[in-house]
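# A closer look at the structure
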Amino acid sequence: MLRRMARGASAGSGDDAFAGPRNALAGLAVLALAVVIGLELRPVGAGPSEQPDHLLLMLSQERPQVERILLDAGFDVDVEMLPSDPQAAVDLEDLIEVADERGFGFLVVDDVSNIDPEGLDFEGDPWPGHGSWVAISAGDLAFPHHVTAASAAGLGPRGASLAVLEMVFAQPRLDRGRESLVRRPALDEVLLNARLEAGMNMLDRASAQRRLSVEMELRLAERLTGDLRMTPILDPLAIGGALPLGPRTLLTTARAVEFVIEPDSSLEDVLEDMVSMRRVTLDHEGRVTAHEDCSATFGGRLSAAEFQSLRASRDSEFLALQRRDGQVQFYRASPSATCGYALAGSHRVSPGVDAGVVGVRGVLAGTELAGEGARVAFRAADGTTRVSPIVRATLRSPVWIDDAHVVVPGSDDELEPGVGAALYVFSVFDDTLVEKIELPEALARRGVSSVVVSDARAREVILSSGRHPTRLYLARLGREVTAPGGPAAASPESAASSSPRSPAGRDATERSPLDRRAHPVEALSLVWSSEDSYDLHVSQDGELLVFATAGDELREDHGVRSRRYQTLRIDLLAARRGELRVEALAESALNDRKPVLVPGGEFAVVSSRARLGVRRREVVTPRVVRLLDEFK
């Protein structure tokens, strides 16, 4: 009985033991059948199976740089154009259907402004705004469709193509950083990675360089702000300049430095193609408190290839913008205009010619070669030109000594080379008036490199002579010259509208009788001598003079001793009646040049040069130096 029960129990246990696995296998079979039925019944794309490395690129305009980078990344790309009618809306489902039927894994659109996503279910990024790019999964890679977007805001022509590549690789099927929800055959994954390896390497390189660029920007910002008395005006990664317009007011020109990767490129700084112009306002510490975009004033943003120079008259009443094609535009102060200036006229010179410096009457004065010597050309806003007589001299840049005359340092080519440096005075009103001011022999032999006006009424100028050492002289020119009828007889309008007298109307070799107008400088005194000084600038009242002073370091370079030019500091010289005092304004770790005093005497603006450490590239950016209280 017990044995039968035991056998029965054993038999029963054996039946139960085999019932479990059979039920499990049956359950698995049902589950597998359900999976097969589910796979058969799930939505599938039309046409051939979608390939993740096949893209349909729908463009609103030709974009060869984007197509090129996608091809270089390993994608198979077809390009089609969107409807050209900007008012016609395009149904997004129709575009996806085209991609689906042709086996494209993704649809990429360059501008969603006229794309209607109504009725389409998707996940991922929210539908972007005007002008943005999108990538959308199609066919077998959808259900639902996945959207990744890239904003076009702030993207330059170089940055756009890289942003598109990043946007495509952000799709889940291509994003290596995501865990796959569905196990795919390893071979398919290996083959896909092999085809897109170039694109992945591009993104890896871009990420590394962006990290480096951020580090470089932080280091550069630290260097630019490391001097307590000096305040940067532009962003750290920007190059440009600043033109003083008035007390605490500057006009800046700038180009951004972008670290962007293109196919087969190496790490280097890439300058933005456009030059931005802004009017900025400073507080009492020299910090920028407000800025105004001046693009509209100058006819829109200028490309770097167009922009040559922007100069202001000494009183900031006039501006002259010169383009590289020779077009010169004159602007005059107008409080009601954007950025405070309005177009006043234009002129044209030969490409490559420097139109010159602006006078307080809004006339440009520039030196040019002519015949067997040189002359000064005066150019007005109405397009007229007046030229001086030709002199047998090598002339440097002119300087407006008052509202009607320029003084030009030069050397007399009729004498022994290196001897005979002199100053030449030309009048904008009379093209026969030339005054030659002779310098003492010692100074004439050293030569004069630049002139700045210290006191226009007294005809006092400061001359920079030679290098190693550089000497600064205070000179009184004496014998004042006047325009016909006296300076008061001429107005800015008459100066700008006087009819030009062409040099072709007289013998090109004719020169004015310099011997009858030549006279020595009335007074000359040495005011400063240093190892090397340059870039002089004097305040409007003639009281303050700023300049940079530099020292030299000798270094070995491949066995050859070479001279390295390095700025040590910026010095401020106060030239007051009966007193001359030189004080250090700032000592900087950067290479600071071209100090310019801001009207009002609170600040000076300098151009600071700092190396990026990338192929010896330099960033040149303006900084504000706050003047010592005793110099204000």
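As shown above, the structure is provided for reference.
Within each chain, residue numbers correspond to sequence positions counted from 1 in written order. Given that the model is predicted, a residue must reach a pLDDT of at least 70 before its local features are reported, and side-chain atom pairs must reach 80 or more before they are shown or counted; all residues, however, enter totals for whole chains, interfaces and linings. Side-chain measures here rest on the full set of heavy atoms in the structure, leaving out hydrogens and waters.

Next up on the list: the overall build of the protein chain. Secondary structure is summarised from DSSP: a helix means a run of H or I of at least four residues, a strand means a run of E of at least two, and numbering begins at the N terminus for each. A count of helical and extended segments in the protein chain gives nine helices and 40 strands. In what follows, residue pairs with any heavy atoms lying within 4.5 Å of each other are defined as contacts. Across the protein chain, the fraction of contacts at a sequence separation of at least 24, relative to all contacts at a separation of at least 6, is 55%. Summed over all atoms, the accessible surface of the protein chain reaches about 31,400 Å², with 51% contributed by carbon and sulfur. In these tables, accessible area is a Shrake-Rupley quantity obtained with a 1.4 Å probe, and a residue counts as shielded only by the protein chains included in the view.

Strand pairing requires that DSSP identify at least two bridges connecting the strands. As summarised here, the arrangement of the four strands in space is E9-E40-E39-E38, forming an open sheet in which the pairing is antiparallel. A strand with exactly one partner marks an edge of an open sheet, and here the two such strands are strand E9 (230-232) and strand E38 (591-597). Put simply, the sheet's adjacent strands are angled 30° from each other on average, direction ignored. Of the strand pairs in this sheet, strand E39 (residues 603-611) and strand E40 (residues 618-626) are connected by nine bridges, and their pairing is antiparallel. Counterpart to Arg609 in the pairing with E40 is Val620. The strands touched by helix H6 (residues 197-224) within the sheet are E9, E39 and E40, with E40 carrying the most contacts at an inclination of about 30°. Here an axis means a line fitted to C-alpha atoms, over the contact stretch when the element is a helix, while the angle between two N-to-C directions is reported on a 0 to 180 degree scale.

Looking now at the packing of aromatic side chains. Only centres within 6.5 Å qualify two rings of Phe, Tyr or Trp (six-membered ring in Trp) as a pair; their planes then separate them into stacked at under 30 degrees, edge-to-face at over 60, and tilted for everything else. Applying the stated criterion across every chain yields a total of four aromatic pairs. Pairing Phe122 with Trp127 gives two aromatic rings, centres 6.0 Å apart and planes at 55°, and the pair type is tilted. When accessible area is computed with a 1.4 Å probe and restricted to protein chains, residues below 20% of their type maximum are described as buried, those above 50% as exposed, and intermediate ones as partly exposed. Note on Trp127: relative accessible area 22%, which makes it partly exposed.

The next point concerns H6. Take the residue count of a helix, subtract one, and multiply by 1.5 Å to get its expected span. In this model H6 runs 40 Å from its N-terminal to its C-terminal C-alpha over 28 residues, within 8% of the 40 Å that 1.5 Å per residue would give. Where H6 is concerned, the buried positions are Gly199, Met200, Met202, Leu203, Ala206, Gln209, Ser213, Met216, Leu220 and Leu224.

Moving on, we come to helix H3 (residues 92-101). Among all positions in H3, only Leu92, Leu95, Ile96, Ala99 and Asp100 are buried. Looking straight down H3, one finds that the buried residues subtend no more than 140° of arc, so they occupy a single side. Considering only its buried residues, H3 is in contact with strand E1 (51-59), strand E3 (90-91), strand E4 (104-109), strand E5 (115-116), strand E7 (133-137) and strand E8 (145-150). Of the residues that open H3, the one with a side-chain oxygen 2.8 Å from the backbone nitrogen of Glu93 is Asp91. Positive backbone phi, at 80°, marks Gly103, one or two positions downstream of H3. Taken from the helix axis, the directions to the C-beta atoms give the arc we talk about. Two N or O atoms count as a polar contact when they lie within 3.5 Å, although within protein this holds only if one can serve as hydrogen donor and the other as acceptor, and sequence-adjacent residues are included solely when both atoms are side-chain atoms.

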